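The residues making up each chain are set out below.
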Amino acid sequence: MGDRTAFRTCPLCEALCGLELALDDAGTVTRVRGDAKDPFSMGFICPKGATLGSLDGDPDRLAEPLVRNGEEHAPIGWDEAFETVRDRLSDVIARHGRDSVAVYIGNPTAHSLAGPLYAGAIVKAIGTRNLFTASTADQMPKHVACGHMFGDPLAIPVPDLDRTDHLLMLGANPLESNGSLCSAPDFPGRLKAIRARGGKVVVVDPRRTRTAALADEHMFIRPGTDAFLLMALVHTLFAEDLVASPEHLDGRVNGLDELRALAVDFAPERVAETTGVEASTIRRTARELAAAGRAAVYGRIGTCTQAYGTLNSWLVDVLNVLTGNLDRPGGAMFPLPAHAPAYRRKKPFTTGRWRSRVRGLPEVNGELPVATLVDEIETPGEGQIKALITIGGNPALSAPNAARLDGALAGLEFMVSVDPYLNETTRHATVVLPPPRPVQTPHYDVALVGLAVRNYARYSPPIVPLPDGRPSESDILARLAVLASGTDGDPAALDEVIITSTLAKAATAGGSPVQGRDPDELRKMLDSGTPTEQRLDMMLRLGPYGDGFGADPSGLTLTKLRTEHPHGLDLGALEPRLEQVLCTTSGRVELCPSTFAAVVDRLHSALRAARPSNGMVLIGRRHLRSNNSWLHNLPELVRGSNTCTLQLNPADADRLGVTAGDSVRVVSRTGAVEAVAEPTDTVMPGVVSLPHGWGHDRPGTRTGVAHQHAGVNVNAVTDEREIDPLSGNAVFNGVPVTVEALAR
Ligand SMILES: Nc1nc2c(c(=O)[nH]1)N[C@H]1C(S)=C(S)[C@@H](COP(=O)(O)OP(=O)(O)OC[C@H]3O[C@@H](n4cnc5c(=O)[nH]c(N)nc54)[C@H](O)[C@@H]3O)O[C@H]1N2
Ligand SMILES: Nc1nc2c(c(=O)[nH]1)N[C@H]1C(S)=C(S)[C@@H](COP(=O)(O)OP(=O)(O)OC[C@H]3O[C@@H](n4cnc5c(=O)[nH]c(N)nc54)[C@H](O)[C@@H]3O)O[C@H]1N2
Ligand code: SF4
Ligand SMILES: [Mo]
């Protein structure tokens, strides 16, 4: 075979960079570069993408399934592994019922093709209400905000980075994260371009991050208080008559008067002390936002993982509407992904179709808050969780009060994990089913292209074939779905059922490009690849750029994407499409949903009651060379100075008698961690910051490098009792803590 070059999308973060890989004749990746021909990323790459080869060839990556015997894990064959899963799952279901089996789906599942296509089938086959995902540790507030405002929880507008003249960013640090809920390869370059064309970038963050340093303006904000700031911005727009022309809003929005009334009490002067942002700054920010030709407000994880996460997410888009920037170029726009058939009718969004057993928390998007997973495992009674399936997740590190969850996982009757590593979570698994290496895996970003700042599609076929008998991640998940339904059926039959029913529906749906056609004839036209590829082909062909199964021969098919566009296909700048997106009952944007208005009352009482406390609060932080909990096993990425430090303002360090390098203890309601202090004036006084995803010192794991660079788990001190009540999202920012110096 010899040395060769192959191209694919980087699966590690949301930026969707194209990569150029060099492989030797054994199929080992020898070099990774940015794919200069990718029309979206144009050669951009970050240090994580550059180490994809090490990740792919990591000797700790599991090559075969493991089964736990006592404290040890030992290899087991695939058939035996699946048989064990089938027998143990059906036993738990027979004794304790379907809700006794929970599913936890983690972050990488949103970066894979297999996850979005098959994970839902597993949950459905079990028939459990106990679905948990990393979404409730992340962006669930966005879904709830958009669900109520636009009717569709997936209709999340993204800032039109390449055309905006003014970007107000809250709680996002794309210079480290490379962007989130806004897929934009080379986010840093796109920010610089805003400034280069005379625009302005403003960052609101309790830390002066590298993103803040690149911006025109940075304002510190007290953690957890964005909702007050955002309400004051809304207030100012109304009070100073800066709301965009009524024609833009006329007939398109409901609730303008209610919103104005709600904002009356939030004058900038009233929120200044709580937020730490001066009233004059708030007024000026509102005026500049209104005056900018094209402006976008963008709030990300810092604004989501707070007790007012949903209010923040809602108010961000309220500002986009009030300034006339929703759904217009340079504002906040809705992408049009190639794989999502636009003719499908959606039902208006609701939550609370069921509730969690122990805390009575409402279901959102079909799932329950990860913050209460531990309660459901530990609390006896009918419906108690006895078995768990994890797919690409590490909740033993990532969940709030993860230390408690870690203990609870040890008490489960049965656990199966689909994961390439034996880590802090999967060490509790009875059976571990490892997906293949990245280069053996097909890739298409089903979940992320719908959040990209340009419409774009790219398919990456596997570049190294799987050995005989080695299942792909799709095969593993499909097999689990079949097993969970209690049968021994053929996993491919699952795809066939989905394909047949989708085509049958498409053939009768109004507005579908194949209306009136014969589903059997359509079936025969599908790509000749794997069932997964056939499903993707079907989605693309029914989608907005698709060939409609021959109806538009110039349209897109998977075959075309694969053969004619190996570097990806640019489908153009975002276009206004609010009318297609809206599916509220009223058919309008709901500016002031009643569920949110009720919480604003609480915000109001909080403002009246509270003088800001002078205790310390904890926030998180991300580093470019890390990715949640699972890239710490790559020597290239953990080399160099320790990044798992407790940053604190020098004034606080002085008060505590702490200097750089000292050990400190951080204590909260839930526990304590010890970390090395790093005084820095980039953190505002009263705030301390510790990154998440560390704490790799547990026994029974098989990640040698990570073990040597263990760090500490910040989620030993975050609190599972604190959530954003509207979305159930975990609160990671603004956690009350005390900090004490340890004896030197
Ligand atoms: N390198 C790297 N990249 C990643 C990840 C990673 O772990 N490492 N994780 C990926 C994932 S899963 C996600 S969800 C994305 C997240 O992507 P981003 O949302 O960009 O995440 P962060 O870099 O954590 O930036 C959040 C910022 O919010 C600030 N903040 C904290 N509390 C508050 C507050 O109360 N108010 C305001 N206004 N700001 C606050 C923090 O100081 C921080 O700078 O990143 C993804 N990309
Ligand atoms: N304190 C605090 N906690 C946080 C956050 C924070 O900012 N602060 N951020 C939260 C956020 S935004 C998120 S998204 C969560 C993440 O929470 P999780 O998703 O629970 O955790 P990850 O660290 O992303 O773990 C990913 C797991 O997937 C495995 N994996 C990697 N690639 C694959 C693959 O191809 N297939 C499969 N099946 N598995 C794979 C890895 O080995 C690892 O076990 O953490 C949350 N926790
Ligand atoms: S920015 Fe994200 S997608 Fe791009 S190379 Fe880095 S990790 Fe991969
Ligand atoms: Mo995330």
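**Remarks on the overall build of the chain**
Part 1 of the reasoning: Along the chain, the regular secondary structure elements total 28 helices and 28 strands.
Part 2 of the reasoning: Buried residues in the chain amount to 61% of all 744 residues.
Part 3 of the reasoning: Taking as baseline every contact in the chain between residues at least 6 positions apart, the subset at least 24 positions apart corresponds to 74%.
Part 4 of the reasoning: Accessible surface for the chain amounts to roughly 26800 Å². Of this, 51% is attributable to carbon and sulfur atoms.
Part 5 of the reasoning: Averaging the coordinates of the 74 positive side-chain charges in the chain and doing the same for the 88 negative ones gives two points 2 Å apart.

**Re the site of ligand 1**
Part 1 of the reasoning: In the neighbourhood of ligand 1, 31 residues make up the surrounding shell, with Ser177, Asp205, Asp226, His623 and Asn628 lying closest.
Part 2 of the reasoning: Within the backbone of glycine 171, a nitrogen or oxygen atom sits 3.3 Å from a nitrogen atom of ligand 1.
Part 3 of the reasoning: Considered on its own, ligand 1 offers 910 Å² of accessible surface; in the complex 97% of this is hidden by protein.
Part 4 of the reasoning: For the shell around ligand 1, the elements supplying multiple residues, two or more each, are α6 (174-177) and α14 (301-304).
Part 5 of the reasoning: Top contributing element to the shell around ligand 1 by residue count: α6, with three residues.

**Things to note about the pairing of strand β4 (residues 66-69)**
Part 1 of the reasoning: Sheet topology places β4 next to strand β5 (residues 72-75); four bridges connect them, and they run antiparallel. Across the sheet, asparagine 69 pairs through a bridge with glutamate 72, a residue of β5.
Part 2 of the reasoning: Here two bridges tie β4 to strand β17 (residues 431-433), and the two strands are oriented antiparallel to one another. Each bridged residue has a counterpart across the sheet, and for leucine 66 the counterpart in β17 is valine 432.

**Notes on the site of ligand 3**
Part 1 of the reasoning: Taken together, the neighbourhood of ligand 3 is formed by Cys10, Leu12, Cys13, Ala15, Leu16, Cys17, Ile45, Cys46, Lys48, Gly49 and Asn178.
Part 2 of the reasoning: Among the residues making up the shell around ligand 3, the classes are represented as eight nonpolar, two polar and one charged.

**Points about the pattern of salt bridges**
Part 1 of the reasoning: Tallying each qualifying case throughout the model produces 47 salt bridges.
Part 2 of the reasoning: Between aspartate 138 and arginine 300 there is a salt bridge, and its shortest N-O distance comes to 2.8 Å. Of this pair, aspartate 138 sits in the loop between β7 (131-133) and α5 (140-150) while arginine 300 sits in the loop between β13 (295-299) and α14, and the two are 162 residues apart along the sequence.
Part 3 of the reasoning: Judged by relative accessible area, which is 15%, aspartate 138 ranks as buried.
Part 4 of the reasoning: With a closest N to O distance of 3.8 Å, arginine 252 and aspartate 327 form a salt bridge. Here aspartate 327 lies in the loop between α15 (309-322) and β14 (332-333) and arginine 252 lies in the loop between α10 (246-249) and β12 (253-254), a separation of 75 residues in the sequence.
Part 5 of the reasoning: When its relative accessible area of 7% is taken as the criterion, aspartate 327 is described as buried.
Part 6 of the reasoning: The structure contains a network of salt bridges with shared partners spanning Arg359, Asp375, Glu378, Arg404, Arg669, Asp719 and Glu720.

**Overview of the nonpolar core**
Part 1 of the reasoning: One finds Phe150, Leu311, Trp314 and Tyr444 to be the most contacted residues of the largest nonpolar core, which totals 145 residues.
Part 2 of the reasoning: Of the residues forming this core, the biggest block, ten residues, is contributed by helix α9 (residues 226-239).
Part 3 of the reasoning: Setting aside anything within four residues of it in sequence, one finds tryptophan 314 in contact with Ala145, Met149, Leu259, Leu262, Leu591, Cys592, Pro593, Phe596 and Val600.

**Here we look at the sheet that holds strand β3 (residues 29-34)**
Part 1 of the reasoning: Pairing within the open sheet is antiparallel, and its three strands lie in the order β1-β2-β3. Of all the strands in the sheet, the pair left with one neighbour each is β1 (4-9) and β3. The sheet shows a mean angle of 25 degrees between the axes of neighbouring strands, taken without regard to direction.
Part 2 of the reasoning: Both β1 and strand β2 (residues 18-23) contribute to a ladder of six bridges, which runs antiparallel. Among the inter-strand pairings, threonine 5 is bridged to a residue of β2, identified as alanine 22.

**Focus on the domain arrangement of the chain**
The accessible area lost on association of the parts is a frequent measure of interface size.
Part 1 of the reasoning: Once the domains are mapped, the chain shows domain 1 (149-339 + 585-600) and domain 2 (613-741).
Part 2 of the reasoning: Each of domain 1 and domain 2 has a C-alpha centre, and the two are 28 Å apart.
Part 3 of the reasoning: Contact residues are listed per partner, giving 25 residues for domain 1 and 29 residues for domain 2.
Part 4 of the reasoning: Summed over the three residues of domain 1 that lose the most area to domain 2, namely Arg207, Arg222 and Thr305, the buried surface amounts to 31% of that side.
Part 5 of the reasoning: Seen at the junction of domain 1 and domain 2, the total is one salt bridge.
Part 6 of the reasoning: Residue aspartate 681 is joined to arginine 208 by a salt bridge in which the shortest nitrogen-to-oxygen separation is 3.0 Å.
Part 7 of the reasoning: On the surface where domain 1 and domain 2 come into contact, there are eight residue pairs in polar contact (both at pLDDT 80 or more).
Part 8 of the reasoning: Among the secondary structure elements, those contributing two or more residues to the side of domain 1 that touches domain 2 are α6, α14, α15 and α25 (594-609).

Definitions and cut-offs
- Residues numbered from 1 in each chain as written.
- Chains lettered and ligands numbered in written order.
- Predicted model: local features only at pLDDT ≥ 70, side-chain atom pairs only at ≥ 80, totals over all residues.
- Heavy atoms only, no water.
- Helix = DSSP H or I, 4+ residues; strand = E, 2+ residues; numbered from the N terminus.
- Buried < 20%, exposed > 50% of the residue type's maximum accessible area, 1.4 Å probe, protein only.
- Contact = heavy atoms within 4.5 Å.
- Areas by Shrake-Rupley, 256 points an atom, 1.4 Å probe, with all protein chains shown as cover.
- Lys, Arg positive; Asp, Glu negative; His and termini not counted.
- Charge placed at Lys NZ, Arg CZ, Asp CG, Glu CD.
- Near = heavy atom within 4 Å.
- Polar contact = N/O pair within 3.5 Å; in protein donor to acceptor, adjacent residues only side chain to side chain.
- Pairing = 2+ DSSP bridges.
- Nonpolar A, V, L, I, M, F, W, Y, C, P; charged D, E, K, R; others polar.
- Salt bridge = Lys/Arg side-chain N within 4 Å of Asp/Glu carboxyl O.
- Core = buried A, V, L, I, M, F, W, Y, C linked by side-chain atoms within 4.5 Å.
- Axes fitted to C-alpha atoms, helices over the stretch in contact; angles between N-to-C directions.
- Domains from an automatic or database assignment.
- Buried area = accessible area lost by both parts, 1.4 Å probe.

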